[in-house]
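Working through the structure, step by step
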Amino acid sequence: MAGSVRLRMPELVSACIDLSVVASAAIRKLVATGGATLTVDKSGGKEFDPQTVADLTSQHIIVDSLRAHWPDLQIIGEEGVLEPDTTLVHHPNFGLLESFLAAPRRAGWESAWDGDLNAKNVTVFVDPLDGTREFTEGIHSAVTVLIGIAYNGQPVAGVIQQPWYSTDAQRCVWGCMGIGVHMQTHTDSKVPSVWTECAAPKVDPGRNIVGTSRSHGRAEIDLAVKNSVPTDVIRSGGAGNKVLQLLDGVIDCYLSASFPMRSSRTHIEAHKNLVLQRYPVPGTKRWDTCAGEALLRASGGTLTDREGKAYSYVYDEAAVFNTGGVIAVRSEEALPHYVAACTRPEAAL
């Protein structure tokens, strides 16, 4: 069966939307029943990096369900390679976008994606519960479920699901190159049937609100933020949460730290070992940014490293760290300003 299952982008995006909603509902249920935050510290005694039952449950729902239908699909999840749990496999609705992609939207869909895709060219990046540290502290507003889809190494589609958009409501935000970004709130595990297009927030030339981490502060980030001459700074948890702040027009730029290793052979080997151990280090990883970058690119923004260079999202377990830091903006035209702020001689994210 592995070689006979068709892999098509509309079905894959539909499945990811559905599974993000199911995972979100499972996370909320675990919190309601008191079993969500049983915690293991992945740091090995370094900076606290928690893993909870909710993280593992969400990853099983997403990864095991995708692999049950597409055994050859390349997937990289934050929690590593887990032993499959068949009790958490969900059979998603692969046809969610059939009516949505009717004309005239079909014209915006990449023509190459209307046919079968080679699974070797597709990689799915999953952060089953982004903002785990905030989650364990009860700051549920920072929590998101992230599923990003890369095609030929480029992020082309993404889903960001908010289990706690408000006390009672969840929100699903998804997008794809060519058809924009869409969202809807919901109160249960049923996927919304009607979607609202997210209009790009108006850019105020007199405003420059910068978002950055609340829990991974470094002097280099503070200097880069200062160099950008912000009118305000918002520190919050979760990479997905900060991308949503960009899409919602709450902030104008999101800055994140880099991975603090150089490219010597010794450091490269250490880098690979850290990946295999899922060892916590400053900065974001590909599963933190793939979904968000796809949404930003679909809405006129972008996400790059500190020099304005794009990251590659190919399937490579040893290359998941965003080593050059992150600059994310809701308007691509604004990128040069923040690159300059981050690359001044005294600044290094």
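Since this is a predicted model, take the numbers as computed values, not measurements. (Residues numbered from 1 in each chain as written. Predicted model: local features only at pLDDT ≥ 70, side-chain atom pairs only at ≥ 80, totals over all residues. Heavy atoms only, no water.)

Considering the packing of aromatic side chains
- Scanning the model with the defined rule gives five aromatic pairs in all.
- Each ring, one from Trp70 and one from Phe94, has its centre 5.4 Å from the other, and the planes form 80 degrees; the classification is edge-to-face. With Trp70 in the loop between helix 2 (53-69) and strand 3 (74-77) and Phe94 in the loop between strand 3 and strand 4 (122-130), this pair connects stretches of sequence that are 24 residues apart.
- Its relative accessible area of 4% is what places Trp70 among the buried residues.
- Judged by centre distance (6.0 Å) and plane angle (85 degrees), the ring pair of Trp174 and Trp195 falls under edge-to-face. Taken together, the residues Trp174 in strand 7 (residues 170-176) and Trp195 in the loop between strand 8 (180-186) and strand 9 (196-197) connect sequence positions 21 residues apart.
- For Trp195, a relative accessible area of 13% gives the class buried.
- One aromatic cluster is present, formed by Phe100, Trp174 and Trp195 through successive ring pairs.
- Above the plane of the ring of Tyr313 lies Arg286, whose end atom (NZ or CZ) is 5.7 Å from the centre. (Phe/Tyr/Trp six-rings, centres within 6.5 Å; stacked < 30°, edge-to-face > 60°. Helix = DSSP H or I, 4+ residues; strand = E, 2+ residues; numbered from the N terminus. Buried < 20%, exposed > 50% of the residue type's maximum accessible area, 1.4 Å probe, protein only. Lys NZ or Arg CZ within 6 Å of the ring centre and 35° of its normal.)

A word on the pattern of salt bridges
- Scanning the entire structure with this criterion turns up ten salt bridges.
- The partner of Arg6 in a salt bridge is Asp116, and the shortest N-O contact between them spans 2.9 Å. In this pair, Arg6 sits in the segment before helix 1 (9-33) while Asp116 sits in the loop between strand 3 and strand 4, placing the two residues 110 residues apart along the sequence.
- In this structure Arg6 comes out as exposed when scored by relative accessible area, which is 51%.
- With a shortest N-O distance of 2.8 Å, Arg171 and Asp248 are connected by a salt bridge. One end of the pair, Arg171, is in strand 7; the other, Asp248, is in the loop between helix 5 (239-247) and strand 12 (253-256), with 77 residues separating them in the sequence.
- The class of Arg171 is buried, set by a relative accessible area of 5%.
- Looking at Asp248, the relative accessible area reads 43%, which means it is partly exposed.
- Within the structure, one salt-bridge network assembled from shared partners comprises Arg133, Glu134, Glu137 and Arg214. (Salt bridge = Lys/Arg side-chain N within 4 Å of Asp/Glu carboxyl O.)

Section: the nonpolar core
- Leu12, Leu66 and Ile149 are the most contacted members of the largest nonpolar core, which has 50 residues in total.
- When residues of this core are traced back to their parent elements, those giving at least two are helix 1, helix 2, strand 4, strand 5 (144-151), strand 6 (154-162) and strand 7.
- Per element, the largest residue contribution to this core is 13 residues, and it comes from helix 1.
- If we ignore the near neighbours within four places in the chain, the residues touching Ile149 are Met9, Leu12, Val13, Cys16, Val122, Thr123, Val124, Gln154, Pro155, Val156, Ala157 and Cys290.
- In terms of nonpolar packing, the next biggest core, distinct from the first, is built from 29 residues, Ala239, Ala291, Leu296 and Ala328 among them. (Core = buried A, V, L, I, M, F, W, Y, C linked by side-chain atoms within 4.5 Å. Contact = heavy atoms within 4.5 Å.)

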